[in-house]
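# Notes for the structure review
Here's the letter readout for the chains.
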Amino acid sequence: YRFADAIVAPSPAVKDQIFDLMEEFGIAQDEVGDKIKVITSGIDDGMLISKEKILEKLHGHPKSGGILNVILLSRIDPSKGIQFAIEGLEKAAVEGNTRISLWIVGRVSVDSYLDLLKELAGRSTINIEFHIDVSEERKLELLDIAQVYILPTLQDTFGITIVEAGARGNII
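Note that the structure is predicted; figures quoted are calculated from it, not measured.

Here is what the cut-offs are and how they apply
- Residues numbered from 1 in each chain as written.
- Predicted model: local features only at pLDDT ≥ 70, side-chain atom pairs only at ≥ 80, totals over all residues.
- Heavy atoms only, no water.
- Helix = DSSP H or I, 4+ residues; strand = E, 2+ residues; numbered from the N terminus.
- Rg over C-alpha atoms; globule rule 2.2 N^0.38 Å.
- Buried < 20%, exposed > 50% of the residue type's maximum accessible area, 1.4 Å probe, protein only.
- Contact = heavy atoms within 4.5 Å.
- Areas by Shrake-Rupley, 256 points an atom, 1.4 Å probe, with all protein chains shown as cover.
- Lys, Arg positive; Asp, Glu negative; His and termini not counted.
- Charge placed at Lys NZ, Arg CZ, Asp CG, Glu CD.
- Polar contact = N/O pair within 3.5 Å; in protein donor to acceptor, adjacent residues only side chain to side chain.
- Pairing = 2+ DSSP bridges.
- Axes fitted to C-alpha atoms, helices over the stretch in contact; angles between N-to-C directions.
- Parallel < 35°, antiparallel > 145°, perpendicular 65-115°, else oblique.
- Nonpolar A, V, L, I, M, F, W, Y, C, P; charged D, E, K, R; others polar.
- Core = buried A, V, L, I, M, F, W, Y, C linked by side-chain atoms within 4.5 Å.

Turning our attention to the overall build of the chain. What the chain contains, in helices and strands, is 7 helices and 6 strands. Expected size for 172 residues packed as a compact globule is a radius of gyration near 16 Å; at 21 Å, the chain overshoots this value by more than 25%. Structurally, the chain occupies a C-alpha span of about 65 × 40 × 30 Å along its principal axes. When burial is assessed residue by residue, the chain has 35% of its 172 residues classed as buried. Within the chain, counting contacts between residues at least 6 apart in sequence, those at least 24 apart form 78% of the total. Split by element, the accessible area of the chain, about 10,400 Å² in all, is 54% carbon and sulfur. Side-chain charges of the chain comprise 18 positive and 27 negative groups, with the mean position of each set lying 4 Å from the other.

This is the structure we're talking about:
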């Protein structure tokens, strides 16, 4: 800590935990305090929806028409495992006797992969819609209507889209 230019905490609560640990190890807060910087998830407060809207989503969105709307925000790339989401949701629809609609939202990285996904969608037992290169406003509209967010990625760690979907009241 003495040689660090900064110590990054992902939230004020974690910053407080760092201060608690410092106290346990006999390190004075003023020795490090200015170095601890809080850098949050990267979304602003305007992204968050109210508790009432979240409860409304949990009880079935009035625009859903009895269909479970699932959203997947991702680049259209084989490393994202989107074909596994299609396969899993088809099984879930059958086993749960549920109508499911999957919205694949993102930018195309690999055209041939998009072609494969469209082929799978054409044979699928669930409704699949592709929303390519949507605006931020349209992304928020889709997140607000969807009830569930999935990210079947094969490589990524915890991405910002997970935070965005949670902020809009989606089940992750």
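Next up on the list: the side chain of Ser 101. Assignment of secondary structure puts Ser 101 in strand β4 (residues 100-106). In this structure the side chain of Ser 101 is engaged in a polar contact, spanning 3.2 Å, whose partner is the side chain of Trp 103. What Ser 101 contacts, discounting residues up to four positions off in sequence, is Ile 67, Leu 68, Asn 69, Val 70, Asn 127 and Glu 129.

This part covers the sheet that holds strand β6 (residues 148-149). Taken together, 4 strands build an open sheet; the order of strands is β5-β4-β3-β6 and the sheet is parallel. Taken across any chain shown, the strands that pair with only one partner, and hence form the sheet edges, are β5 (127-132) and β6. With 2 bridges connecting them, strand β3 (residues 68-73) and β6 associate as parallel partners. From the neighbouring strand, Val 70 faces β6, where its bridge partner is Val 148.

With that out of the way, let us pick up the packing of helix α4 (residues 82-95) against helix α5 (residues 111-123). Contact pair α4 / α5: the axes reach a minimum separation of 10 Å and the direction vectors enclose 10°. With respect to each other, α4 and α5 are oriented roughly parallel. Of α5, the residues touching α4 (which contributes Ile 82, Gln 83 and Ile 86) are Tyr 113, Leu 117 and Leu 120. Along the lines of polarity and charge, the residues of the contact of α4 with α5 split into 5 nonpolar, 1 polar and no charged.

Counting 18 residues, the largest nonpolar core has Ile 76, Ile 82, Leu 102, Ile 104, Ile 126 and Ile 128 as the members making the most contacts within it. At the level of elements, β3, α4, β4 and α5 are the ones that each hand at least two residues to this core. The contact partners of Ile 76, leaving out residues within four places of it in the chain, are Ile 82, Ile 104, Gly 106, Arg 107, Val 108, Ser 109, Val 110, Tyr 113, Leu 114, Leu 117 and Ile 132.

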